[in-house]
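# Breakdown of the fold
The lines below spell out each chain.
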Amino acid sequence: MKHLLMLIGCVGAALAAEFRCVEGTVTPPQFLTPSEERTWTPAGERPFRAKLQGIQGEWGNEAAVILCTPTGRRLEYAAYTLSDADLDVVRTWLKANSFESFETYREGKQLVRILSVVPLRDSYYVRLVLSNGNCYALKTNLKPMTATEARVQVDDRFKVTNATLEMLQRYAACKTEEAPVLPVVTSVDDALLYAALHRVGIVVMYLNRRGSAVDVAFRQYVEAHPEWVNRWGKQFVFMLMYADDNGLYSPKCHEDTMRLYYAYNVVSEHTKYPFHSEAATAGLRNATLHNTQQVNYAVFYHHVLNGNPYQRRAQKGMLSGSVFADRLFNARQDEFNFYSK
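Just so we're clear, the structure is a prediction, and the values are computed from it rather than from any experiment. (Residues numbered from 1 in each chain as written. Predicted model: local features only at pLDDT ≥ 70, side-chain atom pairs only at ≥ 80, totals over all residues. Heavy atoms only, no water.)

### As for the overall build of the chain
In plain terms, the rule: Only DSSP runs of H or I covering at least 4 residues are called helices, and only runs of E covering at least 2 are called strands; the numbering of each starts at the N terminus. Whether two residues touch is decided by their heavy atoms; if any such pair falls within 4.5 Å, the residues are in contact. Note on areas: Shrake-Rupley, 1.4 Å probe, and residue coverage restricted to the protein chains presented here.
A tally of regular secondary structure across the chain gives 10 helices and 13 strands. Contacts in the chain between residues at least 24 apart in sequence constitute 62% of all its contacts with a sequence separation of at least 6. Accessible surface computed for the chain: about 17,100 Å², of which carbon and sulfur atoms make up 50%.

Written out as structure tokens, the structure reads:
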């Protein structure tokens, strides 16, 4: 019995039930509470109706207030040009969305809404929404540092001040009462759509045959550690890839993996279809060779903001890894490095 990636749709609900998760939906999340339409009165202009979309820059007189008219026009006004009543609406909206100051040593200060904070070995992995509505993931330092240390350390982490670090530590220590939810989709199209709407990464799990040793190990790991599953569910959408009875992944699996490589710019945009990648082929080959001992996975991401001031950009790419199945039965930490490099 073959369990191909694109055929998991037949058993998608069953997989969801087995893993105590739900199939990923395409309903976009609401990262920010929207404002109601009202009349705005910028200096020197006739009053008009619009909704507040957000602000650009640090809050103050020079901040740009972003408005959207009923016809969809996007307008920006400096805060100092708006009336006191208009500014009160902006302040109320910022408070309603729990915006807090996110200050770095090298990149200034910005209002953000923290979605989640995951402590890693040497950094925090933070998902946040900027006050302009853009959602990103980024890394920060895990321990306090001085301004001098921040200047000399050049890596992909945002070097945050001690006040911001205390804020992140508070979020990292929060214990959620929510039931763990692992978003599972059953096709590449659904994975790409879910990732784009929710601003999360895609994790492809290679689990050998259903009921195999690695499959059982992963299932028991998920069952035993709901706190890690809860974190994953806020950062990623999952595709579960199964091999056939001979432990082989089909050519269709390779094709679907290549679609993800292509979508995340791991292969050149000038590569014409049909295209091939040694990396994708090697990934499936490794998954096949180590099927009986290791849980192999690949992570595709596109929304990670680089903190290096010389290379600041939202990254696209992928990383891969594996975990010995035996380690999952007695895990004392999250054994999977699903987070960006």
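Having seen it, we continue.
### Here's the deal with the confidence of the model for the chain
It should be kept in mind that the predicted coordinates are not to be read in detail where pLDDT is low. Formally: The predictor attaches a confidence to each residue, called pLDDT, with possible values from 0 through 100.
Scored by pLDDT, the chain comes out at a mean of 84, with 86% of its residues at no less than 70. The secondary-structure element of the chain with the lowest mean pLDDT is helix α1 (residues 12-18), recorded at 55, while strand β1 (residues 38-40) shows the highest, at 96. Low pLDDT, under 50, characterises residues 1-13; the predicted model gives this stretch 27 contacts beyond four residues in sequence or across chains.

### Regarding the pattern of salt bridges
Put simply, the rule reads: For this document, the term salt bridge refers to a Lys or Arg side-chain nitrogen within 4 Å of an Asp or Glu carboxyl oxygen. Note on exposure labels: buried denotes an accessible area under 20% of the residue type's maximum, exposed denotes more than 50%, and partly exposed covers the range between, all computed with a 1.4 Å probe on protein chains only.
Tallied over the entire structure, the rule returns 13 salt bridges. Between R259 and D189 there is a salt bridge whose closest N-O contact spans 2.6 Å. Residue R259 is located in helix α8 (residues 251-263), and its partner D189 is located in helix α5 (residues 188-198); the two are separated by 70 residues in the primary sequence. Among the residues examined, D189 registers a relative accessible area of 44% and is labelled partly exposed. For D215, the salt bridge identified is with R219, shortest N-O distance 3.0 Å.

### Regarding the nonpolar core
Here is the rule: Side-chain atoms within 4.5 Å link the members of a nonpolar core, which is a set of buried Ala, Val, Leu, Ile, Met, Phe, Trp, Tyr and Cys residues.
One finds M205, W232, F238, Y297, F336 and F338 to be the most contacted residues of the largest nonpolar core, which totals 32 residues. Secondary structure elements with two or more residues in this core: β10 (201-206), α6 (213-224), α7 (226-235), β11 (236-241), β12 (294-305), β13 (314-324) and α10 (325-329). Sequence-distant contacts of M205, defined by excluding residues within four places in its chain, comprise F218, F238, M239, L240, M241, V295, N296, Y297, F336 and F338.

### Here's the deal with the sheet that holds strand β3 (residues 64-68)
The following threshold applies: The pairing criterion for strands is at least two bridges between them, as found by DSSP. Angles run from 0 to 180 degrees between N-to-C directions of axes, and those axes are lines fitted to C-alpha atoms, restricted for helices to the stretch in contact.
Strand order in the open sheet made by the 4 strands is β1-β2-β3-β4, with antiparallel pairing throughout. Two strands close off the open sheet at either side, each with one partner strand: β1 and β4 (74-78). When strand polarity is set aside, the average angle formed by the axes of neighbouring strands in this sheet is 50°.

### Let's talk about the pairing of strand β5 (residues 100-104)
In the sheet, β5 pairs with strand β6 (residues 108-119) via 5 bridges, with the strands oriented antiparallel. Among the inter-strand pairings, E103 is bridged to a residue of β6, identified as K109. Taking the residues between adjacent antiparallel strands as the criterion, β5 and β6 are bridged by 3 residues.

### Here we look at unusual backbone geometry
Even without glycine at this site, S98 takes up a positive phi of about 55°. Structurally, the position occupied by S98 is in the loop between α2 (84-96) and β5. We classify S98 as partly exposed; its relative accessible area is 40%. Despite not being glycine, N208 has its phi angle at roughly 60°, a positive value. Here N208 lies in the loop between β10 and α6. Given the relative accessible area of 2%, N208 is considered buried.

### Re the side chain of S35
To keep it simple, the criterion reads: Definition of a polar contact: a pair of N or O atoms within 3.5 Å, with one able to donate and the other able to accept a hydrogen when the atoms are protein atoms, and with sequence-neighbouring residues admitted only if both atoms are side-chain atoms.
Tracing the chain through its elements places S35 in the loop between α1 and β1. Classification of S35 by relative accessible area gives buried; the value is 12%. Only 2.8 Å separates the side chain of S35 from the backbone nitrogen of L52, close enough to count as a polar contact. Discounting residues that sit within four places of it in the chain, S35 has contacts with K51, L52 and W93.

### Some thoughts on the pairing of β10
With respect to burial, β10 is a largely interior element, 6 of its 6 residues being buried. Where β10 and β11 come together, 6 bridges link them in parallel fashion. In the strand pairing of β11, M205 is matched with L240. Pairing of β10 with β12, which is carried by 5 bridges, proceeds in the antiparallel orientation. By the bridge assignment for β12, V203 is matched with V299.

### Quick look at the environment of E45
Along the chain, the position of E45 falls in the loop between β1 and β2 (48-56). Sequence-wise, E45 and T81 are 36 residues apart; in three dimensions their C-alpha atoms are separated by 9.8 Å.

### Description of the environment of Y242
Tracing the backbone shows Y242 in the loop between β11 and α8. Judged by its relative accessible area of 1%, Y242 is buried. For the pair formed by Y242 and R210, sequence separation is 32 residues and the distance between their alpha carbons is 6.6 Å. A distance of 2.9 Å separates a polar atom in the side chain of Y242 from a polar atom in the side chain of D215. Within the structure, the side chain of Y242 is placed 3.2 Å from the side chain of R219, a separation counted as a polar contact.

### Concerning the packing of aromatic side chains
When we look at a pair of aromatic rings, we describe it by the centre distance and by the angle of the planes. Under the convention used in this document: Two aromatic rings, drawn from Phe, Tyr or Trp (for Trp, its six-membered ring), form a pair once their centres lie within 6.5 Å of each other, and the interplanar angle then sorts them: stacked below 30 degrees, edge-to-face above 60, tilted otherwise. Note on criteria: charge over ring means Lys NZ or Arg CZ within 6 Å of the ring centre, with the direction from the centre no more than 35 degrees off the ring normal.
A full pass over the atoms with the stated rule returns 20 aromatic pairs. Here R38 stacks its cationic end above the ring of W40, 4.6 Å away from the centre of that ring. Cation over ring: R210 sits above Y242, and NZ or CZ is 5.5 Å from the ring centre.

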